[in-house]
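Below are the chains, spelled out letter by letter.
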Amino acid sequence: MRGTTRVYGILGDPVSHSLSPAMQNAAFAAAGIDGAYVPFPVAASGLAATLAGLHAAGVAGLNVTVPHKEAAARLCVSLRPRARACGAANTLIRSPKGWVGDNTDGAGLLAALAEQRFAPRGKNVLLIGAGGSARSVAHAFARAGVALLLVANRTPERAAELAAGLRRRDAYAADLRVLANPDVLAGLDLIVNSTSTTLGGDALPAIDYAATSPTLLCCDLMYGKKPSRFLAQARRAGRRTMDGSGMLLHQGALAFTLWTGKKAPVAVMRRALRKATTAG
Ligand code: NDP
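Numbering of residues starts from 1 in each chain and follows the order in which that chain's sequence is written. Under the rules for a predicted model, residues below a pLDDT of 70 receive no local features and side-chain atom pairs below 80 are neither given nor counted, while totals for whole chains, interfaces and linings still include all residues. In computing side-chain values, all of the structure's heavy atoms are included and hydrogens and water are not.

A.B. asks: Sorry, what's going on with the overall build of the chain here?
C.D. replies: Secondary structure elements are defined from DSSP: runs of H or I of at least 4 residues count as helices, runs of E of at least 2 residues count as strands, and each element is numbered from the N terminus. In terms of helices and strands, the chain carries 11 helices and 12 strands. For 280 residues, the compact-globule formula gives about 19 Å, and the C-alpha radius of gyration of the chain, at 19 Å, lands near that figure. Here the C-alpha coordinates of the chain stretch approximately 60 × 35 × 35 Å along the principal axes. Only heavy atoms enter the contact rule, under which two residues are in contact if any of them lie within 4.5 Å. Taking the intrachain contacts of the chain between residues at least 6 apart in sequence as the baseline, contacts between residues at least 24 apart amount to 65%. Accessible surface, the chain as shown: approximately 12,900 Å² in total, 55% of it carbon and sulfur. We compute the radius of gyration over the C-alpha atoms and compare it with the globule rule, which gives 2.2 Å times the number of residues raised to the power 0.38. Here the accessible surface of atoms and residues is derived via Shrake-Rupley with a 1.4 Å probe, and residues count as covered only by protein chains that are part of the display.

A.B. asks: Sorry if this is basic, but what is going on with the pattern of salt bridges here?
C.D. replies: Working definition: two side chains of opposite charge can pair if their charged atoms are close together. Definition used for salt bridges: Asp or Glu carboxyl oxygen within 4 Å of a side-chain nitrogen of Lys or Arg. Scanning the model with the defined rule gives 8 salt bridges in all. Here Arg80 and Asp102 are joined by a salt bridge, their closest N and O atoms 4.0 Å apart. You can see Arg80 sitting in the loop between strand 4 (78-79) and helix 4 (81-86) and its partner Asp102 sitting in strand 6 (residues 98-102), a full 22 residues away along the chain. Look at Arg80 and you get partly exposed, because its relative accessible area is 34%. To sort residues, take the accessible area from a 1.4 Å probe on protein chains only and compare it with the maximum for the residue type: under 20% means buried, over 50% means exposed, and anything in between is partly exposed. On the basis of relative accessibility, which here comes to 3%, the residue Asp102 falls in the buried class. Look at the salt bridges and you will find they share partners, linking Arg80, Arg82 and Asp102 into a network.

A.B. asks: How should unusual backbone geometry be read in this particular structure?
C.D. replies: Both trends apply: most residues other than glycine have a negative phi, and most peptide bonds are in trans. That bond from Asp13 to Pro14 is cis: its omega, 5°, falls within 30 degrees of zero. In this fold, Pro14 is placed in the loop between strand 1 (6-12) and helix 1 (20-31). Here Val66 and Pro67 are connected by a cis peptide whose omega angle stands at 5°. On the secondary structure map, Pro67 appears in the loop between strand 3 (61-64) and helix 3 (69-75).

A.B. asks: Would you explain helix 7 (residues 156-165) in this entry?
C.D. replies: In an α-helix there are 3.6 residues to a turn, and that puts residues three or four apart on one side. Among all positions of helix 7, only Ala159, Leu162 and Ala163 are buried. Relative to the axis of helix 7, the buried residues are bounded by an arc of 95° and lie together on one face. Of the exposed residues in helix 7, the ones pointing more than 90 degrees away from its buried face are Glu157, Glu161 and Ala164. Close packing links the buried residues of helix 7 with helix 6 (132-143), strand 8 (148-152) and strand 9 (171-174). Positive backbone phi, at 50°, marks Arg167, one or two positions downstream of helix 7. This arc corresponds to the set of directions leading from the helix axis out to the C-beta atoms.

A.B. asks: Hey, could you run me through the packing of helix 10 (residues 245-260) against helix 11 (residues 266-279) in this one?
C.D. replies: If you want to describe how two helices pack, look at the angle between their axes and the distance between the axes. The axes are straight lines fitted to the C-alpha atoms, using for helices just the contacting stretch, and the angles between their N-to-C directions are given from 0 to 180°. Two numbers describe how helix 10 lies on helix 11: the axes approach to 10 Å, and their chain directions differ by 135°. Between helix 10 and helix 11, the angle falls in the class oblique. The handedness of the crossing between helix 10 and helix 11 comes out as right-handed. Counted together, Ser245, Leu248, Leu249, His250, Gly252, Ala253 and Phe256 of helix 10 and Val266, Met269, Arg270 and Leu273 of helix 11 form the full contact between these two elements. For the contact of helix 10 with helix 11, a count of residues per class yields 7 nonpolar, 3 polar and 1 charged. Orientation categories follow fixed angle ranges, with anything under 35 degrees roughly parallel, anything over 145 roughly antiparallel, 65 to 115 roughly perpendicular, and all other angles oblique. We call a crossing left-handed when the near helix sits turned anticlockwise from the far one by less than a right angle, and right-handed when that turn is clockwise. In this classification, the charged set is Asp, Glu, Lys and Arg, the nonpolar set is Ala, Val, Leu, Ile, Met, Phe, Trp, Tyr, Cys and Pro, and all remaining amino acids, among them Gly, are polar.

A.B. asks: Got a minute to help me understand the layout of surface pockets in this structure?
C.D. replies: Over the atoms, a rolled probe matching the size of one water molecule traces out where space is still vacant. Points on a 1 Å grid over protein atoms alone make up a cavity when a 1.4 Å probe fits among them but cannot get out, and a pocket when they form an open set with protein on both sides within 12 Å along at least five of seven lines; lining residues each have an atom within 4 Å of a point. Grid points are joined across faces, edges and corners, and a volume is the space filled by probe spheres set on the points. Size it by volume and the largest pocket reaches roughly 1,400 Å³. Every residue lining the largest pocket is counted, 49 residues in all, and those nearest its centre are Val66, Ser133, Ser194, Thr195 and Ser196. Among the elements of the structure, strand 3, helix 3, helix 6 and helix 10 are those that each provide at least two residues to the lining of the largest pocket. Each residue belonging to the lining of the largest pocket can be placed in one class, and the counts come to 17 nonpolar, 23 polar and 9 charged. One number sums up the size of the second largest pocket: a volume of about 320 Å³. At the level of elements, helix 5 (105-115), helix 10 and helix 11 are the ones that each hand at least two residues to the lining of the second largest pocket. The class makeup of the residues in the lining of the second largest pocket is 7 nonpolar, 5 polar and 4 charged.

A.B. asks: Just to check I follow, could you spell out the sheet that holds strand 12 (residues 240-242) for this structure?
C.D. replies: In any sheet, the strands associate via hydrogen bonds between backbone groups, in a parallel or an antiparallel arrangement. Note on pairing: DSSP must find at least two bridges between two strands before they are called paired. Spatially, 9-8-7-10-11-12 is the arrangement adopted by the 6 strands of the open sheet, whose pairing is parallel. Of all strands in the sheet, those bounded by a partner on one side alone are strand 9 and strand 12. The sheet shows a mean angle of 20° between the axes of neighbouring strands, direction not considered. Where helix 5 meets the sheet, its contacts fall on strand 10 (190-193), strand 11 (217-220) and strand 12, and the angle it forms with strand 12 comes to roughly 140°. With respect to the sheet, helix 7 is in contact with strand 8 and strand 9, its orientation differing from that of strand 9 by roughly 175°.

The analysis is restricted to geometry; functional conclusions fall outside its scope.
Take a look at the structure:
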């Protein structure tokens, strides 16, 4: 690091598990950019002061993760359409007057799906969950022209609010009983799990895979060394699966380009992520 090094970082609580520093620092090195990307653990009570302070200190760009994405959007001087639509920002771009918020999560998932040769246009999608990541993903699917978007959530009111906010006639809400409804399951091309259910006790209700198409793709936003329970069940049923590592990669690649104006070195970032995942 030198006096000219531009500083980037990620704000979260907690943030020590984040793989973004490994991925973005590898990207800066590969692109020949004099930059350094650091984790900032920040409690909700300190978010506003931290954002103002990092802007005053000349920090060049930020990512925002759980639980600050909505609050960060409210603290931005302006929002790009993707962040405004879902009311959450995961990428902050420096402007003279303050931070400009964008959201690359949904577009990151679409890029990861494209790598699996899955094009959402005209497809029937079940999105499980209605939290922060679901909002970004739902708006991206709506923009990408899915034929049907069914949002199912443990708290059905949140699913209803999300589906209504999309302002589309082909977006519907349901509770989790839909996971066992063969008539609904039969027509699906993609199921995305965006819940924070873990490998431990709090599992989703079982999906009746016998009722699903053999070409169904099952995607979990979670990533890690082991597949989630949702993905393990889908694999056992012989369905195609993908975890959230591709989304993590591509949301980061899009953020890199927003900050630097340069094409992201995606292959380098993918390798850095793999290395950090197996080391973690
Ligand atoms: P939120 O806390 O905003 O939302 C959590 C969602 O999970 C809600 O819909 C909640 O339902 C549901 N949920 C929680 N526990 C249960 C349970 N026991 N049974 C059924 N539903 C449950 O989380 P996020 O949207 O921010 O994150 C969700 C997941 O996505 C996390 O695993 C996160 O790591 C991952 N993620 C991955 C990214 C990537 O780049 N790959 C990016 C962002 C997130 P309810 O409304 O009823 O509480």
